[in-house]
Amino acid sequence: MKVSVLINTLNEEKNIRNCLESVKWADEIVIVDMHSDDHTVEIAREYTDKIFFFKRMGYADPARQFALEQASCEWVLVVDADEIVPLKLKNKLQEVMEKDLGDVVNIPHNNYFAGKQIQHMGWGPLQDLHPRFFKKKYLYFGDRIHDFINISEDARHYNLTDPQEGFLHFSYLDFEHYIDKALNHYTTIEAKNIFEGKKQGYKLGKSVPGILFRLFRGFFDVYVRDKGYKDGFRGLSLSFLSVIYNLIVYLKLGLMKEYNTINTREKIRGEYQKITDEVLSEYNEE
């Protein structure tokens, strides 16, 4: 049985070689690039000639179904450019195929933040399983960020339960990386998806006390209930950041609803222009 590896990329020159080195055992490697302007594609060509391009969307999820359609093998392994496939994972996936243990395999993620692995608050390997290995006919992708996988009802699920048989996921280098990628970039995409009806909205409440209560409860759930405190400084940091993430989504969504558009900057620029025109008109009246 043959395996297609799918990798979606955008300016991943610092990650892609390590990722590709860990999957070069695959029968086929499919790269779908969103028109990178670094050396990502150049490096990828050293490993595969199946390189396709997709319009830049700001996040990979809309291009995943397109990538899947380019795969020619029965089995598909989806890997992100900042992930590594250890040998134990590769061997386990071969066992799954040989013994026909399932149709869709949920794989643990060993998530790293600022140089250390995170073990709790939903980031632990057995808390963060994703259906990344599957028979092609049983799964297709939608375009919603972090909520886009559609699996056939008759698919047999199989969970990997050994963290050493999971991905290594080097998600965020430091706080600046998290702020740029998650707090700014991803929150905008989340808010747009909610505004456009692609995802259910955030229910933080309308009153200030209600909002503050839900944010505090969110911190309590992540840091105390989900044992973020066991990850020390990083656990405390990520617990606060998760609350800030939800708050920023809520704030951005509020602006979109107020101006009835996802392009709030253009609307606000228009408002500023009206104010400016009124002020400048005073010069013409002199």
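Please refer to the structure placed before this passage.
Rules and cut-offs
Residues numbered from 1 in each chain as written. Predicted model: local features only at pLDDT ≥ 70, side-chain atom pairs only at ≥ 80, totals over all residues. Heavy atoms only, no water. Helix = DSSP H or I, 4+ residues; strand = E, 2+ residues; numbered from the N terminus. Buried < 20%, exposed > 50% of the residue type's maximum accessible area, 1.4 Å probe, protein only. Contact = heavy atoms within 4.5 Å. Areas by Shrake-Rupley, 256 points an atom, 1.4 Å probe, with all protein chains shown as cover. Lys, Arg positive; Asp, Glu negative; His and termini not counted. Charge placed at Lys NZ, Arg CZ, Asp CG, Glu CD. Axes fitted to C-alpha atoms, helices over the stretch in contact; angles between N-to-C directions. Left-handed = near helix turned anticlockwise from the far one by under 90°. Nonpolar A, V, L, I, M, F, W, Y, C, P; charged D, E, K, R; others polar. Phe/Tyr/Trp six-rings, centres within 6.5 Å; stacked < 30°, edge-to-face > 60°.

> Honestly, the overall build of the protein in this entry has me stumped. Any pointers?
A tally of regular secondary structure across the protein gives eight helices and twelve strands. Residues classed as buried in the protein amount to 44% of the 286 residues present. Relative to all contacts within the protein whose residues are 6 or more apart in sequence, the contacts with residues 24 or more apart total 68%. When the accessible area of the protein is evaluated, it comes to approximately 15,900 Å², of which 51% is carbon and sulfur surface. Charged side chains in the protein number 38 positive and 44 negative. The centres of these two groups are separated by 5 Å.

> Mind showing me how you'd approach the packing of helix 6 (residues 208-225) against helix 7 (residues 232-259) here?
To describe two helices that pack against each other, one gives the angle between their axes and the distance between the axes. Packing of helix 6 against helix 7 brings their axes to within 9 Å, and their N-to-C directions diverge by 145°. The two elements helix 6 and helix 7 cross, and the hand of that crossing is right-handed. Along the contact surface, helix 6 presents Ile211, Leu215, Gly218, Phe219, Val222 and Tyr223, while helix 7 presents Gly235, Leu236, Ser239, Phe240, Ser242, Val243, Leu247 and Tyr250. Of the residues assigned to the contact of helix 6 with helix 7, the class counts are ten nonpolar, four polar and no charged.

> Can you walk me through unusual backbone geometry in this structure?
For residues other than glycine, phi is negative in most cases, and the peptide bonds are mostly trans. Unlike most non-glycine residues, methionine 121 shows phi in positive territory, near 50°. Take methionine 121: its relative accessible area is 8%, and that puts it in the buried class. Positive phi is not limited to glycine here, since lysine 227 has a value of about 65°. Residue class for lysine 227 comes out partly exposed when judged on its relative accessible area of 38%.

> Quick question: what am I supposed to make of the packing of aromatic side chains here?
The relative placement of two aromatic rings is captured by the distance of their centres and the angle of their planes. Per the counting criterion, the structure on display carries 15 aromatic pairs. With a centroid separation of 6.2 Å and 70° between ring planes, the pair formed by phenylalanine 134 and phenylalanine 141 is classed as edge-to-face. Of the two residues examined, phenylalanine 134 and phenylalanine 141, each falls in the buried class. Geometrically, the ring pair formed by tyrosine 223 and tyrosine 229 is edge-to-face, given 6.2 Å between the ring centres and 70° between the ring planes. Joined through ring pairs, the aromatic side chains of Phe113, Trp123, Tyr172, Phe175, Tyr178 and Phe233 make up one cluster.

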